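# Fold and geometry: a report
Each chain, written out:
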Amino acid sequence: MASCSPGRGWPMASDGAERLDATVSGRVQGVGFRWFVRDEAERMGLTGWVANEPGGTVRVVAEGDPEAIAQLVERLRQGPPGAHVGDLRFDRRPATGEFDAFGIRSGWHGGD
């Protein structure tokens, strides 16, 4: 994934928080993957969103403590029971601070 440098359209949070932008592919739709991500992110104190995308992928945008972001990446690699993660592509950059909570966005596919 391409990254955008701070100062080029991305306001930065001042607390050292990071932003994760990830795309997960494999058998990740229709298996509760979005709910799994939301529960994990909330447990870790992260903000952002998760949504199904066309083509069968799931996109995750999360912000928070860099250690929690790293833990979320590891959980994304595993996924919930019934899922099979074939590929995980992600980018980390400074957080923007734009989110107040972590939510599930309606996306292309409403299968879970």
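Residues numbered from 1 in each chain as written. Predicted model: local features only at pLDDT ≥ 70, side-chain atom pairs only at ≥ 80, totals over all residues. Heavy atoms only, no water.

## Things to note about the sheet that holds strand β5 (residues 102–104)
We count it as follows: A pair of strands is considered paired only if DSSP assigns at least 2 bridges between the two. Elements are defined by DSSP. Helices are runs of H or I of four residues or more, strands are runs of E of two residues or more, and each kind is numbered from the N terminus. Helix axes are fitted only over the stretch in contact, all axes being lines through C-alpha atoms; the angle between N-to-C directions runs from 0 to 180 degrees. The contact definition used throughout considers only heavy atoms, calling two residues in contact when any of these lie within 4.5 Å.
Taken together, the five strands give an open sheet; going across it, the order is β4-β1-β3-β2-β5, and neighbouring strands pair in mixed fashion. Edge positions in the sheet fall to β4 (84–94) and β5, since each of these pairs with one other strand and no more. Pairs of neighbouring strands in the sheet enclose a mean axial angle of 15°, with direction left out of account. Here strand β1 (residues 18–27) runs beside β4; their pairing, made up of ten bridges, is antiparallel. Its bridge partner lying in β4, R27 is registered against H84. Of the strands in this sheet, β1, β2 (47–52), β3 (58–64), β4 and β5 are in contact with helix α1 (residues 33–43), which crosses β5 at around 175°.

## Describing the nonpolar core
The nonpolar side chains of soluble globular proteins are, as a tendency, buried together. Basically, it comes down to this: Throughout this description, the term nonpolar core refers to a set of buried Ala, Val, Leu, Ile, Met, Phe, Trp, Tyr and Cys residues connected via side-chain atoms within 4.5 Å. Think of it in three bands: with a 1.4 Å probe and only protein chains considered, a residue is buried below 20% of the maximum accessible area for its type, exposed above 50%, and partly exposed in between.
In terms of nonpolar packing, the biggest core is built from 23 residues, with F33, V37, L46, V60, L72 and L76 touching the most fellow members. Elements supplying a minimum of two residues to this core: β1, α1, β3, α2 (66–78) and β4. Looking at which element gives the most residues to this core, the answer is α2, with five residues. With near-sequence residues (within four places) excluded, L46 lies in contact with A41, A62, E63, G64, D65, A68, I69, L72 and F102.

## As for the packing of α1 against α2
Definition in use: Note on terminology: angles under 35 degrees are roughly parallel, angles over 145 are roughly antiparallel, angles of 65 to 115 are roughly perpendicular, and the others are oblique. Note: crossing handedness is left-handed where the near helix turns anticlockwise from the far helix by less than a right angle, and right-handed where it turns clockwise. Under the scheme applied here, ten amino acids are nonpolar (Ala, Val, Leu, Ile, Met, Phe, Trp, Tyr, Cys and Pro), four are charged (Asp, Glu, Lys and Arg), and all others, including Gly, are polar.
Two numbers describe how α1 lies on α2: the axes approach to 10 Å, and their chain directions differ by 155°. It follows that α1 is roughly antiparallel to α2 by the angle criterion. Of the two possible hands of crossing, α1 and α2 adopt the one that is right-handed. Contact residues: α1 offers F33, F36, V37, E40 and A41, while α2 offers L72, R75 and L76. Tallied by class, the residues present in the contact of α1 with α2 amount to six nonpolar, no polar and two charged.

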